[in-house]
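# Coordinates in review
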Amino acid sequence: MNNFTRRDFVKAAALSAAAVSTFNILGAQTVNGIGTQKIKLGLIGCGGRGKGAAGQFLQACQILGIEVEIVAVADAFPDRVQGALAQFKVDASRGHSGYEAYRKVTESDAEFVIMATPPNFRPRHLEACVEAGKHCFIEKPVAVDPVGARKVIALGEIAKAKGLTIVAGTQRRYDAKYQTAKAQIDAGAIGEIVGGVVSWNGQVPWISSRKDGQSDAHYMTRNWLNFTELSGDHIVEQHVHQLDVANWFIGRTPVSFNGMGGRARRETGNQFDFFSVDMDYGDGVHIHSQCRQIAGCYNRVGESFRGTEGKTVGTKVMGKDVSVPTIKLEGASMIQEHVELIKSARGSGTPLNCAQAVAEATLCAIGGRMSAYTGQLVRWVDLTKNEKSPFYAMQLTPNPIDFERGTVVMPVEAPSIPGKEIKFRNR
Ligand SMILES: NC(=O)c1ccc[n+]([C@@H]2O[C@H](COP(=O)([O-])OP(=O)(O)OC[C@H]3O[C@@H](n4cnc5c(N)ncnc54)[C@H](O)[C@@H]3O)[C@@H](O)[C@H]2O)c1
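In what follows, the accompanying structure is described.

## Focus: the overall build of the chain
Along the backbone of the chain there are 15 helices and 14 strands. In terms of overall dimensions, the chain is globule-like: its C-alpha atoms have a radius of gyration of 21 Å, near the 22 Å expected for 427 residues. Seen through its C-alpha atoms, the chain measures out along the principal axes to roughly 60 × 60 × 45 Å. The buried share of the chain, taken over its 427 residues, is 51%. Intrachain contacts of the chain at a sequence separation of at least 6 include 76% that bridge at least 24 residues.

## Here's the deal with the packing of helix 2 (residues 48-64) against helix 3 (residues 78-88)
Relative orientation of the contacting elements helix 2 and helix 3 amounts to 25°, with a least axis distance of 10 Å. On the basis of the axis angle, helix 2 is roughly parallel to helix 3. By crossing handedness, the relation of helix 2 to helix 3 is classed as right-handed. Every residue of helix 3 that contacts helix 2 at Gly-50, Lys-51 and Ala-54 is listed here: Gly-83, Ala-84, Gln-87 and Phe-88. Residue composition of the contact of helix 2 with helix 3, grouped by class: three nonpolar, three polar and one charged.

## What to know about the sheet that holds strand 9 (residues 274-280)
Within the open sheet, the eight strands sit side by side as 13-12-11-7-10-9-8-14. Their pairing is mixed. If you trace the sheet from one side to the other, it starts and ends with strand 13 (316-318) and strand 14 (378-379), each paired once. Of the strand pairs in this sheet, strand 8 (residues 256-262) and strand 9 are connected by seven bridges, and their pairing is antiparallel. Across the sheet, the residue bridging to Gly-261 is Phe-275, located in strand 9. Its contacts with the sheet place helix 11 (residues 240-250) against strand 7 (193-202), strand 10 (286-293) and strand 11 (300-307), and it is angled at close to 165° to strand 7. Contacts between helix 13 (residues 355-374) and the sheet are confined to strand 8, strand 9, strand 10 and strand 14, with strand 8 contributing the most and set at about 60° to the helix.

## Describing the site of the ligand
If you check the shell around the ligand, you find 28 residues, and the closest are Gly-45, Gly-47, Arg-49, Arg-80 and Glu-139. When contributions to the shell around the ligand are tallied by element, the ones reaching two or more residues are helix 2 and strand 2 (68-75). The dominant element in the shell around the ligand, judged by the number of residues it contributes, is helix 2, at three residues. Broken down by class, the residue content of the shell around the ligand amounts to 14 nonpolar, eight polar and six charged.

## A look at helix 6 (residues 146-161)
Taking 1.5 Å as the rise per residue, helix 6 with 16 residues should run 22 Å; its terminal C-alpha atoms sit 23 Å apart, in good agreement. Lining the buried residues of helix 6 we find helix 5 (122-131), strand 6 (166-168), helix 13 and helix 14 (380-384). Note on helix 6: the residue one or two positions beyond its end, Gly-163, has a positive phi of about 75°.

## Focus on the sheet that holds strand 1 (residues 39-44)
Within the open sheet, the six strands sit side by side as 3-2-1-4-5-6. Their pairing is parallel. Two strands in the sheet have a free side with no partner beyond their single neighbour: strand 3 (95-97) and strand 6. Going from strand to strand, the sheet's axes swing by 15° on average, the running direction of each strand aside. Bridge count for strand 5 (residues 135-138) against strand 6 is three bridges, and the pairing is parallel. Opposite Ile-138, over in strand 6, you have Ala-168 as the bridge partner. Relative to the sheet, helix 2 contacts strand 1, strand 2, strand 4 (112-115) and strand 5, its axis offset from that of strand 1 by approximately 170°. This element, helix 3, spans strand 1, strand 2 and strand 3 of the sheet and lies at about 165° to strand 2.

The rules behind these values
Residues numbered from 1 in each chain as written. Predicted model: local features only at pLDDT ≥ 70, side-chain atom pairs only at ≥ 80, totals over all residues. Helix = DSSP H or I, 4+ residues; strand = E, 2+ residues; numbered from the N terminus. Rg over C-alpha atoms; globule rule 2.2 N^0.38 Å. Buried ≥ 20, exposed ≤ 12 C-beta atoms within 10 Å, placed from the backbone. Contact = placed C-beta atoms within 7 Å. Axes fitted to C-alpha atoms, helices over the stretch in contact; angles between N-to-C directions. Parallel < 35°, antiparallel > 145°, perpendicular 65-115°, else oblique. Left-handed = near helix turned anticlockwise from the far one by under 90°. Nonpolar A, V, L, I, M, F, W, Y, C, P; charged D, E, K, R; others polar. Pairing = 2+ DSSP bridges. Near = placed C-beta within 6 Å. Expected span 1.5 Å × (residues − 1).

Okay, structure coming up:
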């Protein structure tokens, strides 16, 4: 079991908001090797996570003893912009709304940008930020289709060449307990991992039903958590955390996905309610990925692995005694990710570029979803290399350009039917 439920996230966001309201700049002296130049921050996506991440970024600055200023915030909707401006006491002139408002952030003098919109927009926004030379915090997941995920991997390489840092919101990687478990596994505590179960079983986080006169674009954006074209489905949007842990602990990506799933009770949108996917990592290693969003059912969020000489349950490692260094971090994982982002960007600490790892975890979730939607076996090469595969070029529509140009046509609010829709909403 792990400690990161949505409820915990909301609690953390509330705490960081409280910290921000009493935020006290510590002055220009810094002992962390990160320089004294004030940090300028931009924010794209001012919902729960965007405001939470911005608050945690400010807390990271406080820990590092460096001054920080929010210079630009953008959201599709003015009310969301207002919420962020009010929370962080930022001047109204720095707030921008609309589907192209992200350009105001990339055109600003922000050194760092937090991206926390629905994930379908991430590749496009990341591209604009990397082009503009920004250091980036990208919330997970980072795409909803293979084309988008591959784009993020390519942008990661461009960012590396430009000396830009990219950190992703896969916060387990910034948690001392997870890092210790990974170090123990690498030191041989459980031998070779041969199998495991990863799951996120909970309920539909929220629904935003259609209002009178609302356009397709606005309805889909407000209700994004229920549309595959915006969220990637909940296997992508939520369960990506566990798939990331599986890749991280095993040290490689799967070779294929054989998934199934369906929809029993969802009221809006076109997503499934549940997925069960056999992820084949090759060499006989299988991970069972299971996720569900149905109220009133048994809930479980976490990761367990079986090794040749032991096992893990969450971050508890049971096997051979191994010696690993004690890990001590500056803050809780969702603050630590910003501490490390800032340190890396300012040339102190480990240079970080997490684009590939988070894009690969996102691709695993997309592979599982596509297998479940179509009823076909999806291979890793079909997502990454095999241009002849119908899955390779899959791009969901409406896409971010449709939102910017006002050409959004809402898909039917019904789920995919396995065995019938090989090319699920391919462009
Ligand atoms: N790391 C974590 O534990 C964690 C927790 C929650 C959410 N998330 C991720 O953070 C992201 C945002 O989730 P959330 O819970 O904040 O959702 P949310 O609905 O609260 O916020 C999303 C915001 O993005 C805005 N938006 C939509 N399209 C936009 C566009 N094109 N340009 C600018 N703004 C746009 C929306 O209006 C909304 O205000 C998602 O990718 C989600 O998966 C991560």
